[in-house]
Amino acid sequence: MKKQIKVSIIVPIYKVEKYLVQCIDSIINQTLKDIEIILVDEGDKDACRYIIDHYEQTDNRVVAIHKKNGGYGASVNNGIDIARGEYIGIVESDDFIKAEMFEELYKYAHKLNADVVKSPYFEYYEKNKNRPELINDCHWRRWTLKVPQDKLFSLKDHPVFVSFHASLWSAIYKTSYLRKHNIRFQEIKGGAYVDHSFRTEALMNTKKIAWLDKPFYFYRLFNELSTTNSFNLSAMIKRWNDGRKLLSAKYSDYIKVPGIRYALLRDEFCCIYDKILFLNYKISETDYNLLLENLNNITEDDINNIYDLLPEHKHILQKIKSNPKLLRRFLNKPKKNKKIKWYACNASFYLNKITIHLLKYMRHNIFRLKIRLGETYTLDICLGKVK
């Protein structure tokens, strides 16, 4: 008789051959042995497919799925569809985990009969020529000091869990709970920030959330190929707009909870406005219109009550709320293809073997003075403004 699979671990894989072996080995070596490892290859033409097939052939707990260009959301959903475990976990293919992660999360979830168990994680910076390897606690862990241990709660009790990085992979979810409420990822090609709606649905359909204040997961920062480090502001704005529509349609009672509104707005500020105001990201007309929609859903009181946001940042957001047209200064204006006109007038003077050439270029309003001294030396002066 086969043992019940306790946890199905889904790994969406795309362009990570550099890190994939470390990731899969950390899952293979879990102290919890009754696991299923679902490796979902998104079909890129690299070595990942061969690495995946090797693990499937050498470990009967591994299930390999090859599905071209499905995207991150589709990959996780494919894993959810076939998962046989009592709980589901997610590990991103450029990250890795401690050996005891799923054993401890599973025991904790089983003891409390939790639908969701959340935990903190490590921010991992690999060694490079400029710094040694760095491993830090996730920056928001200090905000969870008032969240109880060994006790179930709902998001209304502790809204803090929607105020920071979704970190869906530092958690496990009861499989029957996800399927009962049809909780899935958005399937959008490119996969940018499709975890937003999953977080909303996973945390707002239950009163059985548990918090285990112990990090197991190493979240790799500065992998240049990850969606996190190739930041797409337009996609982020669209996901937040979709998220607000989802909240209004299905979870209006949660929006009425002040703490949840303030927490969501803090996360939205960090994801969007921080990038626009302080990191000089530009927006399109479509982005601008979506931001206007989002601003219509918040009040000045909401802004005043955002916790852990600097007063000056609140002030800026208040100004934008009262005058949204201020955002237009950040529009990415397309460059016009102007025709370049060339004009030139030449004059030559001969003064004791010194030749002076005057050449006036009217390209970008530049005046150029070229002076040649004999056969060897040339003084070339350009005056004007180049755009």
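See the structure printed just above.
Draft legend 1. Examining the sheet that holds strand β5 (residues 96-97) more closely. Taken together, the 4 strands give an open sheet; going across it, the order is β5-β11-β7-β8, and neighbouring strands pair in mixed fashion. Both outer strands of the open sheet, β5 and β8 (134-137), are each paired with one neighbouring strand and no more. Relative to β8, strand β7 (residues 121-125) runs antiparallel, the two sharing 4 bridges. Across the sheet, Tyr124 pairs through a bridge with Ile135, a residue of β8.

Draft legend 2. Seen up close, the nonpolar core. Ile272 and Ile283 are the most contacted members of the largest nonpolar core, which totals 114 residues. Tallying contributions element by element places helix α9 (residues 258-278) first for this core, with 10 residues. Filtering out sequence-adjacent residues up to four positions away, Ile272 remains in contact with Leu233, Met236, Ile237, Trp240 and Leu291.

Draft legend 3. Structural context of the sheet that holds strand β3 (residues 62-66). The 7 strands lie next to each other as β3-β2-β1-β4-β9-β6-β10, forming an open sheet whose pairing is mixed. For this open sheet the edge positions go to β3 and β10 (209-211), each flanked by a neighbour on one side alone. When the angles between neighbouring strand axes are averaged without regard to direction, this sheet yields 20°. In terms of strand pairing, strand β6 (residues 116-118) meets strand β9 (residues 171-174) through 3 bridges, oriented antiparallel. For Lys118, the partnering residue across the bridge sits in β9 and is Ala171. Helix α4 (residues 101-112) contacts β1 (7-13), β4 (87-90), β6, β9 and β10 of the sheet and is inclined by roughly 45° relative to β9.

Draft legend 4. Main features of the environment of Glu268. Along the polypeptide, Glu268 turns up in helix α9. For Glu268, a relative accessible area of 1% puts it in the buried group. Along the sequence, Glu268 and Asn294 sit 26 residues apart, while their C-alpha atoms lie 9.8 Å from each other. Not counting residues within four places of it along the chain, the set of residues in contact with Glu268 comprises Trp240, Arg244, Tyr273 and Asn294.

Draft legend 5. Main features of empty space enclosed by the protein. All chains considered together, the criterion is met by 1 cavity of 30 Å³ or more. Taken as a whole, the largest cavity holds about 60 Å³ of empty space. Every residue along the wall of the largest cavity is listed here: Val116, Lys118, Phe161, His165, Ala166, Leu168, Tyr173, Arg199, Ala202 and Leu203. Those elements that provide at least two residues to the lining of the largest cavity are β6 and α6 (195-204). With 3 residues, α6 is the single largest residue contributor to the lining of the largest cavity. Across the lining of the largest cavity, the residue classes tally to 7 nonpolar, 1 polar and 2 charged.

Draft legend 6. Molecular detail of helix α3 (residues 71-82). Compared with an ideal rise of 1.5 Å per residue, which puts 12 residues at 16 Å, α3 spans 17 Å between its outermost C-alpha atoms and is within 8% of the ideal. Of all 12 residues in α3, 10 are buried, a share of seventy percent or more. Where the residues of α3 are buried, they touch β1, β2 (35-41), β3, β4, α5 (175-180) and α6.

Draft legend 7. The packing of aromatic side chains, seen in detail. Counted by the stated rule, this structure contains 21 aromatic pairs. Between Tyr121 and Tyr219, the aromatic rings sit 5.6 Å apart at their centres with planes inclined by 85°, giving edge-to-face as the arrangement. Residue Tyr121 is located in strand β7, and its partner Tyr219 is located in strand β11 (residues 217-220); the two are separated by 98 residues in the primary sequence. Both residues of the pair, Tyr121 and Tyr219, count as buried. Their ring planes at 80° and their centres at 6.3 Å tell us that Tyr251 and Tyr254 sit as a pair that is edge-to-face. Judged on exposure class, the residue Tyr251 and its partner Tyr254 are both buried. Of the aromatic side chains, those joined through ring pairs into one cluster are Tyr121, Trp140, Trp143, Phe153, Phe161, Phe164, Trp169, Trp211, Tyr217 and Tyr219. Geometry around Tyr254 places Lys156 over its ring, the cationic atom sitting 4.8 Å from the centre. Seen from the ring of Tyr288, Arg328 lies directly overhead, with NZ or CZ sitting 4.7 Å from the centre.

What counts and how
- Residues numbered from 1 in each chain as written.
- Predicted model: local features only at pLDDT ≥ 70, side-chain atom pairs only at ≥ 80, totals over all residues.
- Heavy atoms only, no water.
- Pairing = 2+ DSSP bridges.
- Helix = DSSP H or I, 4+ residues; strand = E, 2+ residues; numbered from the N terminus.
- Core = buried A, V, L, I, M, F, W, Y, C linked by side-chain atoms within 4.5 Å.
- Buried < 20%, exposed > 50% of the residue type's maximum accessible area, 1.4 Å probe, protein only.
- Contact = heavy atoms within 4.5 Å.
- Axes fitted to C-alpha atoms, helices over the stretch in contact; angles between N-to-C directions.
- 1 Å grid on protein atoms, 1.4 Å probe; cavity = no way out; pocket = protein on both sides within 12 Å on 5 of 7 lines; lining within 4 Å.
- Points joined across faces, edges and corners; volume = space filled by probe spheres on them.
- Nonpolar A, V, L, I, M, F, W, Y, C, P; charged D, E, K, R; others polar.
- Expected span 1.5 Å × (residues − 1).
- Phe/Tyr/Trp six-rings, centres within 6.5 Å; stacked < 30°, edge-to-face > 60°.
- Lys NZ or Arg CZ within 6 Å of the ring centre and 35° of its normal.

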